[in-house]
Amino acid sequence: MYDVVFNSGFIGLLIWVLLFATSTAAAALVIRCVWILRRKRFGTAVELMPLLKAGDWDGAYAHSQAHPSVTTRIAGAILQIAHGKTKAERQELAVAMLDKEVRAVLRQINTLSLCGNIAPMLGLLGTVTGMVDAFMGLGAAMGPEKASILAISISQALYTTAAGLLIAVPAITFSVVFRNLLEQRTETVTESLEQILEVIPEPEPPHPVYRSTDTVKILPG
């Protein structure tokens, strides 16, 4: 394998370096996505709901700060504005915050998918350049050397294709798995936030203040 990499010429070596960088980036992104998509990071409202149903708003907020997750962070933000915002306004805040969290994870998944798409292209490029070198060497060689040069050049070219596919297949597979897992996590958080929004009451409307100059009309009895 050492000879395949370092005897493939400048362009071939550059392609191998790019394949190595792509594989390293894909592996790092897989590890990162596994970490950020874990169930505990997104959380649920199971422990928060008893406090909210009991009307312990301070305790619920303290719990959301002590046990940070996507669900509790959004719930804490909702509780901070609950006294002055309607249910619709709270829901808009929850949707905006959840969308921000989802987009942050999607950027990682999209980058992993990009690695899966680039790798076979690099492999194909290595195959093309390897075949060019093979035919150039074939034209300059004499006698029995032709077959040997052709076999070595073609094998070097096909190695890059195999390497590209070995990177692309897992990367694309993991990107699809992570997208499905993100959808599942998002549905769980959405259901939890809907339960939280249902429990928090609407703020009381301000009572009208009558001035001494106001005329109060009393309906006839």
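Described in the following lines is the structure provided in the data block. Keep in mind the model is a prediction, meaning the values are calculated, not measured.

### What to know about the nonpolar core
Logical step 1: Leu-37, Leu-52, Ile-74, Leu-112, Phe-178, Leu-182 and Ile-196 are the most contacted members of the largest nonpolar core, which has 33 residues in total.
Logical step 2: Secondary structure elements with two or more residues in this core: helix H2 (9–36), helix H4 (49–53), helix H6 (70–81), helix H7 (87–140) and helix H8 (145–199).
Logical step 3: Not counting the four nearest positions on each side in its chain, Leu-112 is found in contact with Ala-26, Leu-29, Val-30, Ala-171, Phe-174, Ser-175 and Phe-178.
Logical step 4: Listed in part, the eight residues of the second largest apolar core include Trp-16, Leu-19, Leu-122 and Ala-163.

### Some remarks on H6
Logical step 1: Compared with an ideal rise of 1.5 Å per residue, which puts 12 residues at 16 Å, H6 spans 17 Å between its outermost C-alpha atoms and is within 8% of the ideal.
Logical step 2: Across the 12 residues of H6, nine count as buried, placing the element largely inside the fold.
Logical step 3: Taken residue by residue, H6 has Val-70, Thr-71, Thr-72, Ile-74, Ala-75, Gly-76, Ala-77, Ile-78 and Leu-79 as its buried positions.

### Observations concerning the side chain of Ser-192
Logical step 1: Its location among the elements puts Ser-192 in helix H8.
Logical step 2: Residues in contact with Ser-192, not counting those within four places in the same chain, are Thr-44, Ala-45 and Thr-71.

### What about the pattern of salt bridges?
Logical step 1: All told, the structure shown has four salt bridges when counted by the stated rule.
Logical step 2: Among the ionic pairs, Glu-101 bridges to Arg-41, the shortest N-O distance being 3.4 Å. A residue pair is termed long-range when its members are at least 10 positions apart, and Glu-101 in helix H7 and Arg-41 in helix H3 (residues 39–42) qualify at 60 residues.
Logical step 3: Here Arg-73 ties to Glu-101 by a salt bridge, and the two come within 2.9 Å at their closest N and O atoms. Of this pair, Arg-73 sits in helix H6 while Glu-101 sits in helix H7; the two residues are 28 residues apart in sequence, bridging distant segments of the chain.
Logical step 4: A single salt-bridge network, built from bridges that share partners, covers Arg-41, Arg-73 and Glu-101.

### Brief notes about the packing of aromatic side chains
Logical step 1: Scanning all chains against the criterion turns up one aromatic pair.
Logical step 2: Aromatic pair Phe-174 and Phe-178: ring centres 5.7 Å apart, planes at 25°, arrangement stacked. Of this pair, Phe-174 and Phe-178 both sit in helix H8, four residues apart, roughly one helical turn.
Logical step 3: Its relative accessible area of 35% is what places Phe-174 among the partly exposed residues.
Logical step 4: Cation over ring: Arg-38 sits above Trp-35, and NZ or CZ is 3.8 Å from the ring centre.
Logical step 5: Sitting above the plane of the Phe-42 ring, Arg-41 keeps its charged end 5.5 Å from the centroid.

Each value, and the rule that gives it
Residues numbered from 1 in each chain as written. Predicted model: local features only at pLDDT ≥ 70, side-chain atom pairs only at ≥ 80, totals over all residues. Heavy atoms only, no water. Core = buried A, V, L, I, M, F, W, Y, C linked by side-chain atoms within 4.5 Å. Buried < 20%, exposed > 50% of the residue type's maximum accessible area, 1.4 Å probe, protein only. Helix = DSSP H or I, 4+ residues; strand = E, 2+ residues; numbered from the N terminus. Contact = heavy atoms within 4.5 Å. Expected span 1.5 Å × (residues − 1). Salt bridge = Lys/Arg side-chain N within 4 Å of Asp/Glu carboxyl O. Phe/Tyr/Trp six-rings, centres within 6.5 Å; stacked < 30°, edge-to-face > 60°. Lys NZ or Arg CZ within 6 Å of the ring centre and 35° of its normal.

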